[in-house]
Each structure stands twice: as structure tokens, then as C-alpha cells.
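Survey of secondary and tertiary structure
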Amino acid sequence: MEPFVLQKVENGCELFFIKHWMDQAIGLTVGFTSRLGGVSKKEFGSLNCGLHVMDVPEDVIKNRSRLAEALNMKLEDCTYAEQVHGNEVQVVTRQLAGAGVDSREGAIQAKDAFITNEPGLFLHALFADCVPLLFFDPVQRAVGLAHAGWKGTVLQIARKTLEAMESQYGTKAADVLAAIGPSIHSCCYEVDENVISQIVQTMDELGIENKNDDKSAWIYENKDNGKYNLSLQQMNRQIMIKAGILPSHIEISSLCTSCRTDLFFSHRKEGGKTGRMAAWIGLHE
């Protein structure tokens, strides 16, 4: 069953919620935006949340404000970052509330993963094909969010995020719920030998096998033309399992951002001229 459920909220934003997590955990809000329900124009239409894509900044800030309103948050309690396809984790405390909400200069710099256990703080990260990784520890009431393109995946950002939660909050991997959000799937994600060689190196380091009886769970498939179809979703799932998260606690969205440009922005499908979705997670006070 698809874990991300689309809902149109009162102010017009169309958002994907992990509803069954939210139903089980008082105060938790978690999900992923669509491209629908904002004020941006043309290729950024309409709920673009990225300030770095040459959209009108005032429109982006208005979209972020609409998102916060839709989620019953104050914009100044949210955080945004300048992501760099790395694996560094930022511990988010009250001092960072409002970081990057209205400017790139004020954003959390050069980080791709974020964790907090402070109620009233809401983590955001931006996507347009890369993989959103969401973490919730219901025992310690801590949350995490990571941005995993192929580079972050090779750098095991999923494991780094979990280790940071363990170090900071006493999280136990076996307690963690994890979700892999809407992103480009192997049907549309073709890569070359340079990328796949680095994926294979990480697989070898972790003892991850590529193929099994379930072809849908393969990490990559050789197309015999020097190209490969790569599933970053399955690769990140295996990294999570190796880090100690229970397989039954990991959910993967079936939604492909490249296949569904009616719902999502896709950097690859739309030739780089497009907006960004936001993933979010946090705990209301």
C-alpha cells in the first residue's frame, strides 16, 4: 500500500501525508509536497518551494508560508538548508528556528540531513527526483530527514542520519520507522558506469547483493549498452537494513517523480528547468 496519501487542504495546497504514522503518534506531522496548490508561474507552477531555481523569490516565500499554514505551523519554526549532495548531519535546535525560510543566505549551510527531538521545530528539505528519507523514533520522540541523490546514497547518508540520532537522542535502530518518499524510480533513472561503479563499491563494502527472486527489489539492472537502470530506493532500503532498521519498519513510495510530472517536479524529465518539492517532518508541541 502506498504510504504517502494525497490530500488537498483548506488553503489549496495538495500534500502527501504519511497518515498512518501521524495517526499513531500524537503531534507528528510528516510528508511531501506535490507541485500543486501554490502561486508560482510557468515551469515553477505552482507550489515551488526552492529559492535556488530562478523562480520569483516572493512567490517561493509565499508558497512556503502556504505550506506552513496548511500544516498548522509558523514559518519561523521551520528550517531549510543549502543542500550539497553530501552526508553531513545537522542537529537542529531552537537556535536554528527560521533558518533559510526566506533567504538562501540564512539557510543551514552545506548539510543534507537534519535531526531534532525538540517539539515545535519542523525540518524541511528540497527535492526534484532525489530521494527523501524520513525517520521517526516513537520511543525517544525524535525525527530525522535526509536528502539522498546517488552521491549521498553512496556516502550512506541514511546510516549517518541514524547514527546521529543514536548518538544525540539514544535512538535504537530497531525502534525507528523509516520512509523512502516519492522520487525518480529505476524505470526512469538511467546512469552510466561511473555512477554504478561507486554504487557497487558501497554494496561490496556492506555485503549487499544486487539480485534476488523479486526483480522489483533489484538495485540495478544492466542494459547492455554501457547504461544501467538504478533504484536508489532499494539501495537506501538495504543501507537502512544494514544500519539496523527492521525491514518491516521501512516503507517505500511507489510514486515516481519522472513518471508523474502532473504531480511532481522532475529535474531529469523537465530538463533542469523546474521547481522543487519539500519533504517535512516534526512534532507539534
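Given the structure is predicted, the values throughout are model-derived calculations rather than measurements.

Remarks on helix α6 (residues 232-242)
For α6, the set of buried residues is Leu232, Gln233, Gln234, Met235, Asn236, Ile239 and Met240. The first or second residue beyond α6 is Gly244, which carries a positive phi of 110°.

Things to note about the packing of aromatic side chains
As enumerated under the stated definition, the model contains 6 aromatic pairs in all. Ring centres of Phe17 and Trp280 lie 5.5 Å apart, and the angle between their planes is 80°; this geometry places the pair in the edge-to-face category. With Phe17 in strand β2 (residues 14-17) and Trp280 in strand β17 (residues 277-283), the pair connects residues that are 263 residues apart, well separated along the chain. Each member of the pair Phe17 and Trp280 is classed as buried. Note on Phe32 and Phe127: the rings are 6.0 Å apart at their centroids and 55° apart in plane angle, and the pair reads as tilted. Of this pair, Phe32 sits in strand β3 (residues 28-33) while Phe127 sits in strand β9 (residues 122-127); the two residues are 95 residues apart in sequence, bridging distant segments of the chain. For the pair Phe32 and Phe127, one class covers both residues: buried. Counting every residue linked through ring pairs, the aromatic cluster contains Phe16, Phe32, Phe127 and Phe264. Stacked on the ring of Tyr80, the Lys or Arg Arg64 has its end atom at 3.7 Å from the ring centre.

Some thoughts on the nonpolar core
Grouped together as the largest cluster of nonpolar side chains are 39 residues, with contacts concentrated most on Leu133, Phe135, Ile199, Ile219, Leu230, Met240 and Ile245. Among the elements that line this core, the one with the most residues is helix α4 (residues 157-169), at 6 residues. When neighbours within four sequence positions are excluded, Ile245 is seen to be in contact with Phe135, Leu162, Ala173, Val176, Ala178, Met240 and Ile250. Among the nonpolar cores identified, the runner-up in size contains 33 residues, and Ala99, Leu121, Leu123 and Ile281 belong to it.

Section: the pattern of salt bridges
Scanning the model with the defined rule gives 9 salt bridges in all. Measuring nitrogen to oxygen at the nearest pair gives 2.7 Å for the salt bridge that ties Arg260 to Asp262.

Points about the side chain of Asp129
With respect to the helices and strands, the residue Asp129 is situated in the loop between β9 and β10 (131-137). It is Arg268 that comes nearest to the buried, bridge-free Asp129 among opposite-charge side chains, at 5.6 Å. Polar contacts involving the side chain of Asp129 include one to the side chain of Thr257, which spans 2.7 Å. Those residues in contact with Asp129 that sit more than four places away from it in its chain are Ser183, Ile184, Thr257, Ser258, Phe265, Ser266, His267, Arg268 and Lys269.

Some words on the environment of Thr274
Tracing the backbone shows Thr274 in the loop between β16 (250-252) and β17. Looking at Thr274, the relative accessible area reads 1%, which means it is buried. Taking the C-alpha atoms as reference points, Thr274 and Asn48, separated by 226 residues in sequence, lie 8.3 Å from one another. Contacts of Thr274, omitting those with residues within four sequence positions, involve Arg35, Glu43, Phe44, Val53, Phe265, Ser266 and His267. Here the side chain of Thr274 touches Glu270 through a polar contact of 2.8 Å, side chain to side chain.

A word on unusual backbone geometry
Omega for the bond connecting Gly45 with Ser46 falls within 30 degrees of zero, at -5°, which places this linkage in the cis form. Within the element layout of this structure, Ser46 appears in the loop between β3 and α2 (57-70). The backbone of Lys42 sits at a positive phi, close to 50°, despite the residue not being glycine. Along the chain, the position of Lys42 falls in the loop between β3 and α2. Of note in this structure, Met54 is not a glycine but carries a positive phi near 70°. Overall, the relative accessible area of 70% leaves Met54 in the exposed class.

What to know about the environment of Thr93
Its place among the elements puts Thr93 in the loop between β6 (89-91) and β7 (108-109). Relative accessible area serves as the criterion here: at 27%, Thr93 is assigned to the partly exposed category. Separated by 23 residues in sequence, Thr93 and Thr116 place their C-alpha atoms 6.7 Å apart. Setting aside its immediate chain neighbours within four residues, Thr93 contacts Glu118 and Leu121.

Comments concerning the sheet that holds β6
Spatial ordering of the open sheet is given by β6-β8-β11-β10-β12-β16, a layout of 6 strands whose pairing is mixed. At either end of the open sheet lies a strand with only one pairing partner, and these are β6 and β16. If you compare each strand with its neighbour and ignore which way they point, the axes differ by 15° on average. The pairing of strand β12 (residues 177-180) with β16 spans 3 bridges and is classified as parallel. Each bridged residue has a counterpart across the sheet, and for Ala178 the counterpart in β16 is Ile250. Contacts between α4 and the sheet are confined to β6, β8 (113-116), β10 and β11 (142-148), with β11 contributing the most and set at about 160° to the helix.

The rules behind these values
- Residues numbered from 1 in each chain as written.
- Predicted model: local features only at pLDDT ≥ 70, side-chain atom pairs only at ≥ 80, totals over all residues.
- Heavy atoms only, no water.
- Buried < 20%, exposed > 50% of the residue type's maximum accessible area, 1.4 Å probe, protein only.
- Helix = DSSP H or I, 4+ residues; strand = E, 2+ residues; numbered from the N terminus.
- Phe/Tyr/Trp six-rings, centres within 6.5 Å; stacked < 30°, edge-to-face > 60°.
- Lys NZ or Arg CZ within 6 Å of the ring centre and 35° of its normal.
- Core = buried A, V, L, I, M, F, W, Y, C linked by side-chain atoms within 4.5 Å.
- Contact = heavy atoms within 4.5 Å.
- Salt bridge = Lys/Arg side-chain N within 4 Å of Asp/Glu carboxyl O.
- Lys, Arg positive; Asp, Glu negative; His and termini not counted.
- Polar contact = N/O pair within 3.5 Å; in protein donor to acceptor, adjacent residues only side chain to side chain.
- Pairing = 2+ DSSP bridges.
- Axes fitted to C-alpha atoms, helices over the stretch in contact; angles between N-to-C directions.

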